[in-house]
Amino acid sequence: MSLEREAIRILRANDRGGFTIPTAGLYPFQWLWDAGFSALGWMKFDEARAWQEFERLFEGQWANGMLPHIVFHRPEATYFPGPDRWGTRHTPPTSGITQPPVVASFVRMMLEQAEDQTLAQTKARALYPKILAYHRWFKRERDPANTGLTNTFHPWETGADNSPAWDEALARVPVDPTLPPYTRRDTSHVDPSQRPHQAEYDRYLSLLEVYKRCDYDQLRLHRECPFRVVSLIIDCVLHRANRDLAWLSARFGFGDETEIAGWLEASQGAIEALWDEEAGLYYNYDRVQDAPIRVGTSASFLPLYAGTSSPQRAHRLVRTLESWAEQVRYLVPSTDPGHPSYEPQRYWRGPVWAIMNYLIAQGFAEYGYPEAAERIHQDTLKLAELSGFSEYYHPTTGAGLGGGEFSWTAAMALWWEV
Ligand code: 2M8
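Keep in mind it's a predicted model, so treat the numbers as computed, not measured.

1. Regarding the site of the ligand
- Neighbouring residues of the ligand: Pro22, Tyr27, Trp31, Trp33, Asp34, His69, Trp156, Gly159, Asp161 and Asp186.
- Looking at the shell around the ligand residue by residue, the classes come out as 5 nonpolar, 2 polar and 3 charged.

2. As for the packing of helix α6 (residues 117-142) against helix α12 (residues 232-252)
- Between α6 and α12, the shortest axis-to-axis distance is 10 Å and the interhelical angle comes to 140°. As judged from the angle between their axes, α6 and α12 are oblique. Taken as a pair, α6 and α12 cross one another with a handedness that is left-handed. Within the contact between the two elements, α6 uses Ala124, Arg125, Tyr128, Ile131, Leu132, His135 and Phe138 and α12 uses Leu238, Ala241, Asn242, Leu245, Leu248 and Phe252.
- Here the residues of the contact of α6 with α12 are counted per class, giving 10 nonpolar, 2 polar and 1 charged.

3. Details of the packing of helix α3 (residues 47-58) against α6
- α6 packs onto α3 with a crossing angle of 15° between their chain directions and a minimal axis gap of 11 Å. Relative to α6, the element α3 is oriented roughly parallel. Remark: the crossing between α3 and α6 carries left-handed chirality. Along the contact surface, α3 presents Glu47, Ala48, Trp51, Phe54 and Phe58, while α6 presents Leu119, Lys123, Leu127 and Lys130.

4. Some thoughts on the nonpolar core
- Judged by nonpolar contacts, the single largest core of 126 residues is most densely connected at Val107, Leu302, Ile360 and Met412.
- Per-element tally for this core: the top contributor is α12, with 10 residues.
- With residues up to four places along the chain from it excluded, the contact list for Leu302 reads Leu232, Ile233, Cys236, Leu359, Ile360 and Gly363.

5. Overview of the UniProt feature "domain: Mannosylglycerate hydrolase MGH1-like glycoside hydrolase" (unreviewed entry) in the protein
- Taking the UniProt record as the reference, the feature "domain: Mannosylglycerate hydrolase MGH1-like glycoside hydrolase" (unreviewed entry) is found at residues 27-409.
- With 50% helix and 5% strand, residues 27-409 has its two end C-alpha atoms placed 14 Å apart.

6. Some details on the environment of Asn146
- Here Asn146 shows up in the loop between α6 and α7 (155-158).
- Judged by local crowding, Asn146 falls into the exposed class, with 11 C-beta atoms found within 10 Å.
- When the C-alpha atoms of Asn146 and Gly262 are compared, they prove to be 9.9 Å apart, with 116 residues separating the residues in sequence.

7. What to know about the sheet that holds strand β3 (residues 229-230)
- Taken together, the 3 strands give an open sheet; going across it, the order is β3-β6-β7, and neighbouring strands pair in antiparallel fashion. Strands with a single pairing partner mark the edges of an open sheet, and in this sheet they are β3 and β7 (291-293).
- Direction of pairing for strand β6 (residues 284-286) relative to β7: antiparallel, over a ladder of 3 bridges. Looking at the pairing, Asn284 lines up with Ile293 of β7.

8. Focus: helix α2 (residues 32-43)
- When the terminal C-alpha atoms of α2 are compared, their 17 Å separation across 12 residues agrees well with the 16 Å that a helix rising 1.5 Å per residue should span.
- With 12 of 12 residues buried, α2 is to be regarded as a mostly interior element.
- For α2, the full list of buried residues reads Leu32, Trp33, Asp34, Ala35, Gly36, Phe37, Ser38, Ala39, Leu40, Gly41, Trp42 and Met43.
- Contact partners of the buried residues in α2: α1 (3-13), β1 (30-31), α3, α5 (103-113), α16 (354-366) and α18 (407-415).

9. So, helix α17 (residues 370-387)
- When the terminal C-alpha atoms of α17 are compared, their 26 Å separation across 18 residues agrees well with the 26 Å that a helix rising 1.5 Å per residue should span.
- When α17 is considered as a whole, its buried residues turn out to be Ala372, Ala373, Ile376, His377, Asp379, Thr380, Leu383 and Ala384. Taken end-on, α17 shows its buried residues confined to a sector of 160°, consistent with a single buried face. Structural note: α17 exposes Pro370, Glu371 and Glu385 on the side pointing more than 90 degrees away from its buried face.
- On its buried face, α17 is in contact with α1, α15 (311-325), α16, β8 (392-393) and α18.
- After α17 finishes, the residue Gly388 shows a positive phi value of roughly 75°.

10. Overview of the environment of Arg319
- Here Arg319 is to be found in helix α15.
- Taking the C-beta count within 10 Å as the criterion, Arg319 has 10 such neighbours and is therefore assigned exposed.
- Expressed as a C-alpha distance, the spacing of Arg319 and Glu278, which sit 41 residues apart in the sequence, is 12 Å.

11. With respect to the confidence of the model for the protein
- Here the protein averages 98 in pLDDT, and 100% of its residues register 70 or above.
- At the level of chain-chain contacts, confidence expressed as ipTM amounts to 0.99, with global pTM at 0.98.

12. Things to note about unusual backbone geometry
- For the peptide bond that leads from Phe80 to Pro81, omega is 0°, which places it in the cis range.
- That bond from Thr91 to Pro92 is cis: its omega, -5°, falls within 30 degrees of zero.
- Relative to the helices and strands, Pro92 is located in the loop between α4 (83-86) and α5.
- Phi at Tyr347 is positive, roughly 55°, even though this residue is not glycine.
- Of note, Glu405 is a non-glycine position whose phi angle comes to about 45°, a positive value.
- Positionally, Glu405 belongs in the loop between β9 (400-401) and α18.

What counts, and at which threshold
Position numbers for residues count from 1 along each chain, tracking the sequence in the order it is written. Two thresholds apply to this predicted model, a pLDDT of at least 70 for residue-level local features and 80 or more for giving and counting side-chain atom pairs, whereas whole-chain, interface and lining totals are computed over all residues. In this analysis, residues qualify as near a molecule or strand once their C-beta atom, positioned from backbone atoms, comes within 6 Å of it. The classification used treats Ala, Val, Leu, Ile, Met, Phe, Trp, Tyr, Cys and Pro as nonpolar, Asp, Glu, Lys and Arg as charged, and all other residues, Gly among them, as polar. Axis definition: a line fit to C-alpha positions, over the contact stretch in the case of helices; interaxial angles, taken between N-to-C directions, run 0 to 180 degrees. Numbering of helices and strands runs from the N terminus, with a helix taken as a DSSP run of H or I at least four residues long and a strand as a DSSP run of E at least two residues long. Orientation labels follow simple angle bins: below 35 degrees gives roughly parallel, above 145 gives roughly antiparallel, 65 to 115 gives roughly perpendicular, and whatever is left gives oblique. The crossing is said to be left-handed when, going from far helix to near helix, the turn is anticlockwise and less than a right angle, and right-handed when the turn is clockwise. In this description, any two residues whose backbone-derived C-beta atoms lie within 7 Å of each other are considered to be in contact. One nonpolar core equals one set of buried Ala, Val, Leu, Ile, Met, Phe, Trp, Tyr and Cys residues connected by C-beta atoms within 7 Å. Any residue with 12 or fewer other C-beta atoms within 10 Å of its own C-beta is exposed, any with 20 or more is buried, and the rest are partly exposed; the C-beta atoms used are placed from the backbone. UniProt positions are given in the numbering used here, feature names are shortened, and annotations may be inferred rather than shown by experiment. Think of it this way: DSSP has to see at least two bridges between two strands before they count as a pair. Helix span, as expected, comes to 1.5 Å for every residue beyond the first. Starting at the helix axis, one direction is taken to each C-beta atom, and the arc is that of these directions. The predictor attaches a confidence to each residue, and that confidence, scored 0 to 100, is pLDDT.

See the structure below:
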């Protein structure tokens with residue numbers, strides 16, 4: 001079967017009625033940034049269904065504008081933590097944290113490429129106020145001091161759960177002595193050597209108890225949450241999303257461009273302050289320690305996707321990518337392969353992720369480096385041919401890892417035409 005037909009088959013198989021689960025068993029609900037990538041994939045063969053993905057996602061939006069990272073549209077026993085553990089009292093049930101805000105950018109891309117322009121304009125226009133409310137929530141509740149960067153309160157929010165970038169910050173989170181007992185479900189679907197360690201899970205769940213004690217009050221979390229970082233994935237995705245939100249505002253005549261321009265001015269300078277000249281890349285930042293987190297990750301290239309980098313810094317990032325390419329067979333490993341914490345098969349500690357490749361390649365292409373973009377594109381294609389549409393891949397052997405028949409990997413094959 002061609003890659004394209006197989007990708008369509010997977011998206012259809014993972015469709016649960018207007019929303020796409022990432023993969024059966026391991027992730028049986030709708031996740032925020034997965035929904036964005038899935039919508040791009042649907043766009044290539046069913047435009048109406050693609051727009052519906054966002055409509056279902058925004059059913060989970062909170063009254064304060066927050067868009068949660070999971071919408072539990074219907075009960076499923078194969079995932080933990082489910083709605084009871086989150087206890088957010090929302091209808092439909094949701095988690096209580098967010099995820100990389102890809103929506104505005106992907107709505108713009110879909111609008112620009114739609115064959116059915118009447119449908120696309122109606123859908124994008126209707127989504128706009130909801131996306132604006134979400135971005136206002138980010139500014140108001142995650143950057144109240146207007147630093148230009150947002151506070152992130154959980155590794156799950158970053159999308160890169162067990163990245164070595166979070167090791168030290170997470171190790172400082174005390175394990176809650178009253179943590180209710182729990183059974184992990186992830187390791188019954190996937191080999192534990194490809195998933196986070198138990199010590200990390202205990203802290204992921206301890207953080208969840210902190211949110212509940214704070215009643216999900218973000219301003220309290222700025223003071224009381226022991227895990228506070230700046231995540232390059234969140235902030236770079238948000239910066240680009242704000243650019244695209246301003247574009248949508250102008251396109252439809254909503255008139256919010258001045259407000260959004262103020263946010264962009266702050267984040268432009270603040271993201272660039274995360275640059276490390278010696279390392280030749282950008283670092284995440286620990287807000288508790290008030291110090292950069294000196295681990296190169298695939299997110300270290302995302303200021304190109306944001307569009308904040310200077311041409312000189314973009315050039316340095318190409319050199320950095322080349323040095324990584326000498327150490328692995330397939331780009332882009334999720335952690336610097338020369339770093340001691342690099343683990344080529346453990347989830348976000350080394351493996352290659354198709355969706356990150358897409359964002360990084362787009363950045364390189366837009367900065368005038370088509371060869372780097374094409375190399376990443378070709379590697380993604382080879383991985384899919386070799387190992388199918390896996391959740392992630394081993395950067396040296398190309399083996400498929402994590403969950404199989406994975407929606408966002410399949411979606412990239414359609415949208416990015418791998
Ligand atoms: C992974 O995260 C979830 C928690 O949100 C998990 O491991 O239980 C991450 O790879 C995240 O980026 C992704 O959105 C999610 C669903 O694919 O799985």
